[in-house]
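Structural overview
So you can see what is in the structure, the chains are spelled out below.
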Amino acid sequence: MEQHECLAHTENWVKDVIMKYNICPFARREVERASIRYVAIEATKIKAVLKALIDECQHLDTHPDTETTLFILPRGFEGFYPYLDLVDFATDELMAQGYEGVYQLATFHPDYCFEGEPQDSAANFTNRAPYPCLHIIREASMEIALANYTDPESIPERNIAFAERKGSEFFIKLLQHCTKS
């Protein structure tokens, strides 16, 4: 697969799933401002991926007009458990590099499964994406967004209820649609 396809598929997912169905109530503003950066990482070794992650944080440091980055991993982390290991390493690396309190990671994967949920539960689709992905979020921006949003604690529960109402098949078709070139 070409890198541009991976980027386009992920951008389709943000617009046609996350924004359209209000999975993230903060996404629309950033899509409309074109302040989301999409980066596909070709590296498949953890050390190289972590270096690229820190490089991306440094990019965000010097580009305040970029609100957030979707750090896409099209190869090497297709398995959910190796991906979760990467998430742990990435979180540790952010702390080690002094980014604790500056950036946080949200996690998305094609096989995302919440602890205690069956693999086929529709609830898992709130965190399923076309490719393994780390969403690098500016903590200061998140604090402002949450302060201006009524009842932010209800977002995950609302999303899970929506996913369960729509069902897994609905989301499977949505994700398939996102990856049609």
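In this report, we go over the structure that sits alongside the text. (Residues numbered from 1 in each chain as written. Predicted model: local features only at pLDDT ≥ 70, side-chain atom pairs only at ≥ 80, totals over all residues. Heavy atoms only, no water.)

With phi around 55°, Asn 22 is a residue other than glycine that occupies positive phi space. Its location among the elements puts Asn 22 in the loop between helix 1 (3-19) and helix 2 (27-33). For Asn 22, a relative accessible area of 34% translates into the label partly exposed. One non-glycine residue, Asp 151, adopts positive backbone phi at about 55°. Positionally, Asp 151 belongs in the loop between helix 5 (139-147) and helix 6 (154-166). (Helix = DSSP H or I, 4+ residues; strand = E, 2+ residues; numbered from the N terminus. Buried < 20%, exposed > 50% of the residue type's maximum accessible area, 1.4 Å probe, protein only.)

Turning our eyes to something else, we now look at helix 7 (residues 168-178). When we look at burial in helix 7, the residues that qualify are Ser 168, Phe 171, Leu 174, Leu 175 and Cys 178. Mapping the buried residues of helix 7 onto a view down its axis gives an arc of 125°, with all of them on the same face. With respect to the buried face of helix 7, the exposed residues turned more than 90 degrees away are Glu 169 and Lys 173. Along its buried surface, helix 7 packs onto helix 1 and helix 6. (Arc of directions from axis to C-beta. Contact = heavy atoms within 4.5 Å.)

What is shown is where atoms sit, not what they do.
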